[in-house]
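An overview of the molecular structure
One letter stands for each residue in the lines below.
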Amino acid sequence: MKFLRQAVRSARTFSTTSVARKDLVQDLYVKELKAYKPPATAKDAHIGVVKNFSLPTVPKPPTLPVDLAAELTAYDATEPTKAEAEVTSSSVHAGEDVGKGADAFLGFLEADVKQAEVHH
């Protein structure tokens, strides 16, 4: 008998009369959301805030020069030559070890550097 009483006590019971608790804060929130009416906006509210769109001007297509041959000869006449470039660079760096070429520079980089002996 004792065993039956414990079994009855330990069994789950479902009550159909218990009232479900309501969340008052949630109810107030939902009620306020339903009652909310957004303010009406005027039809001309955007005036002064948004600029009117205007298309940009159409770019002009490039035109070829009338006398193309004369302009090309003038360009060739003003283009510096290699000899002029060497003369100007050697006069600017007079006395410096400049102009020996890439092979000399690479040889300088690959050369062994003597380290100074440290006396203790």
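Refer to the preceding data block for the structure.
Structural notes, computed from the coordinates. (Residues numbered from 1 in each chain as written. Predicted model: local features only at pLDDT ≥ 70, side-chain atom pairs only at ≥ 80, totals over all residues. Heavy atoms only, no water.)

1. What about the overall build of the chain?
Across its full length, the chain holds five helices and zero strands. Listed by position from the N terminus, the elements making up the chain come as α-α-α-α-α. Out of the 120 residues in the chain, the part that is buried amounts to 0%. Accessible surface, the chain as shown: approximately 13300 Å² in total, 61% of it carbon and sulfur. (Helix = DSSP H or I, 4+ residues; strand = E, 2+ residues; numbered from the N terminus. Buried < 20%, exposed > 50% of the residue type's maximum accessible area, 1.4 Å probe, protein only. Areas by Shrake-Rupley, 256 points an atom, 1.4 Å probe, with all protein chains shown as cover.)

2. A word on a nonpolar patch on the surface
A contiguous nonpolar surface patch, about 460 Å² in accessible area, is contributed by Phe 105, Leu 106, Phe 108 and Leu 109. When you line up the elements, Leu 106 lands in helix H5 (residues 102–110). We classify Leu 106 as partly exposed; its relative accessible area is 44%. (Patch = residues over 30% accessible without salt bridge, like charges linked within 9 Å, V, L, I, M, F, W, Y side chains within 5 Å. Salt bridge = Lys/Arg side-chain N within 4 Å of Asp/Glu carboxyl O.)

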